[in-house]
Amino acid sequence: MSAAVMGCVTGFLTYETTKSVVVKSWSVGIINRVVQLVIITYFIGYVFLYEKAYQVSDTAIESSVITKVKGYGKLNNRVMDVADYIYPPQGTGMFCILTRVIVTDNQFQGRCAESDRKFECETDAHCTPHIGSVISNGIITGLCHKSLNESKGTCEIEGWCPAENDQVKIEPMVEFKGFTIFIKNSIRFPLFDVTRGNFPPTMNIKNCSNSEKDPFCPIFRVADVLKETQQDPTELAMKGGEIGINIQWQCNLDENIENCVPKYSFRRMDAPFEKNKVSTGYNFRYAKYYKTENGTEFRMLQKAYAVRFDVMVTGKAGKFSLVPTVINIVAALTSIGMGTVLCDIILLNCLNGADRYKAKKFEEVMEDQKMQPITPSPGSQRSLKPGMKSSGDSGAISLSISD
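What you see is a predicted model, and the numbers here were worked out from it, not measured in a lab.

Basis of the calculations
Residues numbered from 1 in each chain as written. Predicted model: local features only at pLDDT ≥ 70, side-chain atom pairs only at ≥ 80, totals over all residues. Heavy atoms only, no water. Disulfide = S-S within 2.5 Å. Helix = DSSP H or I, 4+ residues; strand = E, 2+ residues; numbered from the N terminus. Buried < 20%, exposed > 50% of the residue type's maximum accessible area, 1.4 Å probe, protein only. Contact = heavy atoms within 4.5 Å. Expected span 1.5 Å × (residues − 1). Patch = residues over 30% accessible without salt bridge, like charges linked within 9 Å, V, L, I, M, F, W, Y side chains within 5 Å. Areas by Shrake-Rupley, 256 points an atom, 1.4 Å probe, with all protein chains shown as cover. Salt bridge = Lys/Arg side-chain N within 4 Å of Asp/Glu carboxyl O. Axes fitted to C-alpha atoms, helices over the stretch in contact; angles between N-to-C directions. Parallel < 35°, antiparallel > 145°, perpendicular 65-115°, else oblique. Nonpolar A, V, L, I, M, F, W, Y, C, P; charged D, E, K, R; others polar.

Enquirer: Is there a simple way to think about the state of the cysteines in this case?
Expert: Two cysteines, two sulfur atoms, one covalent bond between them: this is a disulfide. What the rule picks out here adds up to five disulfides. Bonded cysteines in the protein chain are paired 1-6, 2-4, 3-5, 7-8, 9-10 when counted in the order they occur along the chain.

Structure (structure tokens):
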């Protein structure tokens, strides 16, 4: 038991020191230099030049977005302006352009027949299973509402009457693709206290349109946006949809601040649901409320199909800093040692003469040998075999291995 304990203690209290062995091998030398070259190229080309790892970065961008839409269209035989087809009207980073609206006029509180054919009935018993339904236009009372001399009817509801019928055909407002969207975006990187706007203050934006010729113009035609997202304007106007407008700021603050400019990109946000049989497109309901002369409340219900636009702002700013530069240089120098590790694996396991390399790379020195006189030992630097020679470096052995 004591011998085992002493063995563990002796194994734990050992010390390893580096021993240099110079290996004269073309193949191993080429592998070593190639690996080092790849690592150096990676750090210089990708880490430092592309990723700019020598900079400290700020991604906590502060942003403000203001939008305005202009244009005229025709819907339900009415000329629509921005006050009619934009919802909500605040002009924030999210807005909707109404393209199709189903209107149910003069709804009063009361009881009436359901309009949906799913609630057809012949007797009250047919309506009992629908009590508590959430897809009806009101609270199902359990009674079958039939007109005189008709054998079939629909279940009665309590709520706003007459019930909405959203199956009517309404032609969409196709003029919406000619509307223009004005986007005013200001951002700030708090770490560097840098503030920028998406167009210069000296720009005349009255007649400009964002394009390759005028990339700083903050005015976009809806048709151009839909073209970028490869969407059919007619189909989008019928069912509605959601379009994302992304403003990306990538700013290198080591360069001129005037080079810190936005890049715009567009995509269909609800694309995963575009082919669904249910819940396709985008629609919502809202109502306008009125009162009669005697104070009875009534409303006009509108089911609106709309193209919803979401303006999203992302950004990153970077500036030179000594700390990340030193950290990444140290990481690069450390990684270069991977070439040595790979070559050691090849020498110790793959090449002929691996045993000779192991014998020269690893040597054990016992404590009781420290006071012994230094005498040449077989295989040591003082007693070299043919094919080996002393290196100019202190403590190094040059080992020649045939490729």
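Enquirer: Would you mind showing me how to read unusual backbone geometry here?
Expert: Note: most peptide bonds trans; most residues except glycine with negative phi. Backbone torsion omega between tyrosine 87 and proline 88 reads -10 degrees, so that peptide bond is classified as cis. Proline 162 follows cysteine 161 through a cis peptide bond whose omega is 0 degrees. Mapped onto the elements, proline 162 comes out in the loop between strand E10 (153–161) and strand E11 (180–189). Located in the positive-phi region is asparagine 106, a residue other than glycine, with phi close to 50 degrees. Along the chain, the position of asparagine 106 falls in strand E7 (residues 94–113). Notably, asparagine 149 is not glycine yet its phi reads approximately 65 degrees, a positive angle.

Enquirer: Could you clarify how one ought to interpret the environment of phenylalanine 284 in this entry?
Expert: Tracing the backbone through its elements, the reader meets phenylalanine 284 in strand E16 (residues 283–291). Since its relative accessible area comes to 14%, phenylalanine 284 is described here as buried. Placed 18 residues apart in sequence, phenylalanine 284 and glutamine 302 show a C-alpha to C-alpha distance of 8.4 Å. Once you skip the residues sitting within four places of it in the chain, phenylalanine 284 turns out to touch Tyr87, Cys96, Leu98, Gln302, Lys303, Ala304 and Ala306.

Enquirer: Sorry if this is basic, but what is going on with helix H7 (residues 338–349) here?
Expert: Along an α-helix, residues three or four positions apart point the same way, because every turn accommodates 3.6 residues. With twelve residues, H7 should reach 16 Å at 1.5 Å per residue; the first-to-last C-alpha distance of 17 Å fits that figure. Buried within H7 are the following residues: Gly339, Cys343, Asp344, Ile346, Leu347 and Leu348.

Enquirer: Looking at this structure, I do not really get a nonpolar patch on the surface. What am I missing?
Expert: Together, Val5, Val9, Phe12 and Leu13 make up an exposed nonpolar region whose accessible area comes to about 430 Å². In this fold, valine 5 is placed in helix H1 (residues 2–12).

Enquirer: What is the right way to read the packing of H7 against helix H8 (residues 354–361) from this model?
Expert: For any two helices packed against each other, one specifies the inter-axial angle together with the distance between the axes. In the contact formed by H7 and H8, the axes pass within 7 Å of each other and the chain directions differ by 120 degrees. In terms of axis orientation, H7 runs oblique to H8. Residue-level contacts link Asp344, Leu347, Leu348 and Asn349 of H7 to Ala354, Tyr357, Lys358 and Lys361 of H8. Grouping the constituent residues of the contact of H7 with H8 by class yields four nonpolar, one polar and three charged.

Remember, this is a structural readout, not a statement about activity or role.
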